[in-house]
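Chains, contacts and geometry: an overview
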Amino acid sequence: MIKPGDVISYLEMCRQEGVNLQRGMNFRLHGRFTVILMSVRRGAPYVDRIEGNGRVLIYEGHDVPRTKSMPDPKRGDQPMANPSGSPTQNGLFQQAAIKYKRNPGPPELVKVYEKIYSGIWVYNGLFKLVDAWQEVCNARKVFKFKLEMVGDIEQVETKEKEIDHSRLIPASVKLEVWKRDKGRCVECGSRDNLHFDHVIPYSKGGSSLVAENIQLLCARHNLAKRDRIE
Ligand SMILES: [Zn+2]
């Protein structure tokens with residue numbers, strides 16, 4: 001079972017979701033979870049941000065595909081519909097958010113992965129899609145989607161009370177920690193099954209926002225540490 005903060009390869013991520021993930025926005029893969037891929041490359045094409053004490057993600061929608069008539073997708077409005085009239089991923093996400101706001105039914109559940117280096121991805125956790133809007137940015141309309149962290153899938157499936165312990169670690173902090181710890185467990189040097197661990201847990205007042213409180217641990221040492229704390 002994958003946990004927020006787990007580091008996985010691209011192939012493992014695709015295996016988790018059962019498809020070859022290519023696009024940033026993937027509405028209802030196999031009719032089940034919706035998946036979002038974030039990227040933090042310098043000059044990353046989309047501007048995403050973290051709010052609400054690390055439990056809210058504001059994700060930017062996607063541009064029109066690059067074509068001859070639109071050589072620079074950053075200059076056009078982000079589309080709600082394809083030329084055929086069918087909704088784009090922006091449109092699908094927006095419809096789901098509006099439906100949730102109008103009828104208090106089950107929200108759209110979204111799994112969020114973030115690429116920190118080529119081939120190195122981090123699972124950011126499971127979120128619910130709660131709002132969507134358009135705003136003007138650099139003289140064009142872009143979509144914004146509001147996602148709230150909901151813990152992990154086990155909790156959702158068993159309707160277990162949400163444990164308020166997960167917090168998003170900003171990409172800049174993940175990158176700093178990855179470089180400092182050289183992509184290895186700080187206890188044993190393993191490069192496998194790594195996890196971004198809070199040195200002092202969030203529930204005990206530890207911060208997600210500073211690299212000093214985040215470290216890389218392998219699954220074995222992460223488990224050993226959790227046993228010590230609980
Ligand atoms: Zn280790």
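Report follows, based on the coordinates.

Criteria and thresholds
- Residues numbered from 1 in each chain as written.
- Predicted model: local features only at pLDDT ≥ 70, side-chain atom pairs only at ≥ 80, totals over all residues.
- Heavy atoms only, no water.
- Salt bridge = Lys/Arg side-chain N within 4 Å of Asp/Glu carboxyl O.
- Helix = DSSP H or I, 4+ residues; strand = E, 2+ residues; numbered from the N terminus.
- Buried < 20%, exposed > 50% of the residue type's maximum accessible area, 1.4 Å probe, protein only.
- Donors = N, O, S within 2.8 Å, 3.2 Å for Na, K, Ca; no water.
- Tetrahedral: all angles 85-135°; square planar, octahedral: opposite > 155°, others 65-115°.
- Arc of directions from axis to C-beta.
- Contact = heavy atoms within 4.5 Å.
- Core = buried A, V, L, I, M, F, W, Y, C linked by side-chain atoms within 4.5 Å.

It is possible for side chains of opposite charge to pair when their charged atoms get near one another. Considering all chains together, one arrives at 11 salt bridges under this definition. Across the pair K174 and E114 runs a salt bridge whose closest N-O atoms are separated by 2.3 Å. Within this pair, whereas K174 is found in helix α4 (residues 171-180), its partner E114 is found in strand β6 (residues 108-117), the two being separated by 60 residues in sequence. Classification of K174 as buried rests on a relative accessible area of 2%. Each member of the salt-bridge network shares a partner with another, and the members are E60, D63, K74, R140 and K144.

Time to look at the coordination of the zinc ion. For a metal bound by four donors in a tetrahedral arrangement, the ideal donor-metal-donor angle is 109.5 degrees, while six donors in an octahedral arrangement ideally sit at 90 or 180 degrees. The zinc ion binds to the protein through C185 (SG), C188 (SG), C218 (SG) and H221 (ND1); the donor distances cover 2.0 to 2.3 Å. Coordination geometry of the zinc ion: the four donor atoms subtend angles of 97 to 114 degrees at the metal centre, consistent with an arrangement described as tetrahedral. Of note, the zinc ion draws all its donor residues from one chain, in the sequence arrangement C-x2-C-x29-C-x2-H. Taken together, the residues span a long stretch of sequence, with C188 in the loop between α4 and β9 (194-198) and H221 in helix α5 (residues 219-229) at a distance of 33 residues.

Moving on, we come to α5. Buried within α5 are the following residues: H221, N222 and K225. On an axial view of α5, the arc spanned by its buried residues comes to 105 degrees, and they lie on one face. With respect to the buried face of α5, the exposed residues turned more than 90 degrees away are R220, L223 and D227. As for α5, its buried residues are in contact with β9 and β10 (214-218).

The next subject is the nonpolar core. Core analysis: the biggest nonpolar cluster contains 19 residues, and I36, L129, F145 and L147 have the highest contact counts within it. Those elements that provide at least two residues to this core are β3 (34-39), β5 (56-60), α2 (89-102), β6, β7 (120-137) and β8 (140-149). The dominant element in this core, judged by the number of residues it contributes, is β8, at four residues. I36 has contacts with G24, Y59, F93, V110, K111, V112, Y113 and L147, leaving out every residue within four places of it along the chain. Membership of the second largest hydrophobic core comes to 16 residues, among which are V7, I116, A211 and L217.

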